[in-house]
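Residues per chain are reported as follows:
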Amino acid sequence: MAMTHTPYDGSHKPFTIGLSQLDLATWIDVDRHFDFYLEEKQRLYRELPHEVLVAEEGTEDAQLEVMDLLIQHLADQELGSRFRGNDELSVLAQAALLVQEDLVLMRKSPEGWRLVAASLCFPSAWNLREKFGKTLARVHAPVPGFGEGTRNAGLIERMFDNLWPERPVLRWNWTLFGETQLYHPASERGVKRRFGDGGIAENVTIRMERQTLRKLPKSGDILFTIKTFLDPIEVLETHADGKALAEAILAQVRAFTPDEIVYKGLTKDMPRLLARIETISHRV
Ligand code: HEM
């Protein structure tokens, strides 16, 4: 089984800020699933446009700026673009059909940086419409240690204020899901992930997000990109470092605070989930 990335090796701890400098040449990530991701985006645009596309009035110029930057980047990196635009869609929605990434436009306001437009097809257990128009601190309200008034919220806000166009940044997020669909909005509260009915969790999927932040020179807005990767936990069973990687996951999952476990909806499933990962870490 082909693996993508291993941010769960201990280098990107959950619930940390963990930003690094991004080499602009690697801004957009393309893999062999490109056609599948793009077909999925087009299906969602058709079937659930109001769940995956939002845009405030007054963001049109910034959307065009994103489109121009993407076209320029794809040409510079000789990545090409395989999907044609559609004039019935917003410019940001069309721009998002050039890449596998989700695209989110953030704009500074007196209350803080706000989510003002997005093409967001692959949410990791949240709803775009709930977050539309909100500040970063309010978007992160359910995340332990990241809501309004927290140290992290202040650090993120200042980092956004100080971002320079020529110095974009990168961060990784990863988590464990019981589902494999890319489009994964929040279901009922507390029932975020499922792992079958047995004593050991089934269908464990490592869900990873490669996130970039880039300040747009003309509008002054910030573009947040999210490239989602899904690997079944089985990839570790055939990986040369699989045992060590499983141990790294175990250590980080065991370190979750009670609030973090509740936030991730893992209260009930934790023992079964740990048991599944242990089957890999105990392998001889
Ligand atoms: C430095 C930048 C950022 C940091 C450090 C950060 C951090 C985090 C963390 C730690 C989580 C919890 C992840 C998990 O459960 O595995 C999270 C969730 C989330 N983040 Fe961020 N984030 C950043 C930027 C953004 C931006 C720009 C957006 C824009 C929309 C965003 C939207 C969200 C959303 C929607 C969630 C899920 C919230 C929920 O469960 O309701 N984040 N973020």
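Coordinates for the structure precede this section.
No experiment lies behind these values; they were computed from the predicted model shown.

Visitor: How do you make sense of the overall build of the protein when you look at a structure like this?
Guide: Helix and strand counts for the protein stand at ten helices and seven strands. What you see for the protein is a C-alpha radius of gyration of 19 Å, in line with the 19 Å of a compact globule of 284 residues. In terms of principal-axis extent, the alpha carbons of the protein reach across some 55 × 45 × 35 Å. A separation of at least 24 residues holds for 74% of the contacts in the protein among residues at least 6 apart in sequence.

Visitor: Sorry if this is basic, but what is going on with the sheet that holds strand 7 (residues 222-232) here?
Guide: Adjacent strands of a sheet form backbone hydrogen bonds with each other and so pair up, either parallel or antiparallel. Strand order in the open sheet formed by seven strands is 1-5-6-7-3-4-2, with antiparallel pairing between adjacent strands. The open sheet has two edge strands, strand 1 (20-21) and strand 2 (53-55), and neither has a second partner. The pairing of strand 6 (residues 205-215) with strand 7 spans eleven bridges and is classified as antiparallel. For Arg210, the partnering residue across the bridge sits in strand 7 and is Lys227. Most of the contacts of helix 3 (residues 60-76) go to strand 3 (residues 102-109), to which it runs at about 135°, and overall it touches strand 2, strand 3, strand 6 and strand 7. In the packing of helix 7 (residues 151-161) onto the sheet, the strands contacted are strand 3, strand 4 (112-119), strand 5 (169-177), strand 6 and strand 7, and the crossing angle to strand 4 comes to about 75°.

Visitor: Looking at this model, I keep getting lost on the coordination of the iron atom of the ligand. Mind explaining?
Guide: The textbook angles at a metal center are 109.5 degrees for a tetrahedron of four donors and 90 or 180 degrees for an octahedron of six. Inspection of the coordination sphere of the iron atom of the ligand shows a single protein donor, His140 (NE2), at 2.0 Å. Along the chain, His140 falls in the loop between helix 6 (136-139) and helix 7.

Visitor: How should I be thinking about the site of the ligand in this particular structure?
Guide: Around the ligand, the structure places 21 residues, and the nearest of them are Lys131, His140, Asn173, Tyr263 and Lys264. Contacts to the ligand include His140, whose side-chain N or O atom sits 2.8 Å from a nitrogen atom. One of the side-chain N or O atoms of Lys264 is found 2.7 Å from an oxygen atom in the ligand. At the level of elements, helix 6, helix 7 and strand 5 are the ones that each hand at least two residues to the shell around the ligand. The dominant element in the shell around the ligand, judged by the number of residues it contributes, is helix 7, at three residues. Residues belonging to the shell around the ligand are distributed by class as follows: 15 nonpolar, two polar and four charged.

Visitor: Could you clarify how one ought to interpret the packing of aromatic side chains in this entry?
Guide: The description of two aromatic rings rests on the distance between their centres and on the angle between their planes. Scanning the entire structure with this criterion turns up six aromatic pairs. Ring geometry for Phe15 against Phe256: centres 5.8 Å apart, planes inclined by 85°, an arrangement best described as edge-to-face. Residue Phe15 is found in the segment before strand 1, and its partner Phe256 is found in the loop between helix 8 (242-254) and helix 9 (258-263); the two are separated by 241 residues along the sequence. Considered together, Phe15 and Phe256 belong to a single accessibility category, that of buried residues.

Visitor: What should I look at first to understand the environment of Arg171 in this one?
Guide: Counting through the fold element by element, Arg171 comes out in strand 5. Separated by 73 residues in the primary sequence, Arg171 and Leu98 place their C-alpha atoms 22 Å from one another. Contacts of Arg171, omitting those with residues within four sequence positions, involve Thr16, Ile17, Gly18, Leu19, Glu209, Arg210 and Gln211. Within the local environment of Arg171, its side chain forms a polar contact with the backbone oxygen of Thr16, the two atoms lying 3.0 Å apart.

Visitor: What is the right way to look at helix 3 in this model?
Guide: A rise of 1.5 Å per residue sets the reference length of helix 3, with its 17 residues, at 24 Å; its end C-alpha atoms lie 24 Å apart and thus fit the reference within 8%. Every buried residue of helix 3 is accounted for by Ala62, Gln63, Glu65, Val66, Met67, Leu69, Leu70, His73 and Leu74. In this structure, the buried residues of helix 3 make contact with strand 2, helix 4 (91-95), strand 3, strand 6 and strand 7. Trailing helix 3 by a residue or two, Glu78 shows a phi angle of about 55°, which is positive.

The rules behind each value
- The residue numbers shown here count from 1 along each chain, following its written sequence.
- In keeping with the model being predicted, local features are shown solely for residues with a pLDDT of at least 70 and side-chain atom pairs are shown and tallied solely at 80 or more, while totals for entire chains, interfaces and linings include all residues.
- The side-chain values count all of the structure's non-hydrogen atoms but skip hydrogen atoms and water molecules.
- Numbering of helices and strands runs from the N terminus; a helix is a DSSP stretch of H or I covering at least four residues, while a strand is a stretch of E covering at least two.
- Only the C-alpha atoms count toward the radius of gyration. The rule for a globule is 2.2 Å times the residue count to the power 0.38.
- In what follows, residue pairs with any heavy atoms lying within 4.5 Å of each other are defined as contacts.
- Note on pairing: DSSP must find at least two bridges between two strands before they are called paired.
- Here an axis means a line fitted to C-alpha atoms, over the contact stretch when the element is a helix, while the angle between two N-to-C directions is reported on a 0 to 180 degree scale.
- Sodium, potassium and calcium take a 3.2 Å donor cutoff, other metals 2.8 Å, and in both cases only N, O and S atoms count; water is not among them, so sites may look incomplete.
- Throughout, near means a residue has at least one heavy atom within 4 Å of the molecule or strand.
- Whenever a nitrogen or oxygen atom comes within 3.5 Å of another N or O atom, the pair is scored as a polar contact, on the condition that within protein one atom can donate a hydrogen and the other can accept it, and that pairs from neighbouring residues in sequence are kept only if both atoms are in side chains.
- Each residue is assigned to one of three groups, with Ala, Val, Leu, Ile, Met, Phe, Trp, Tyr, Cys and Pro labelled nonpolar, Asp, Glu, Lys and Arg labelled charged, and all others, Gly among them, labelled polar.
- Geometry of aromatic contacts follows a simple scheme: Phe, Tyr and Trp rings, the Trp one being its six-membered ring, pair when their centres are within 6.5 Å, and the pair is stacked under 30 degrees between planes, edge-to-face over 60, tilted otherwise.
- Residue exposure (1.4 Å probe, protein chains only): buried if accessible area is under 20% of the type maximum, exposed if over 50%, otherwise partly exposed.
- How far a helix is expected to stretch is found by multiplying one less than its residue total by 1.5 Å.

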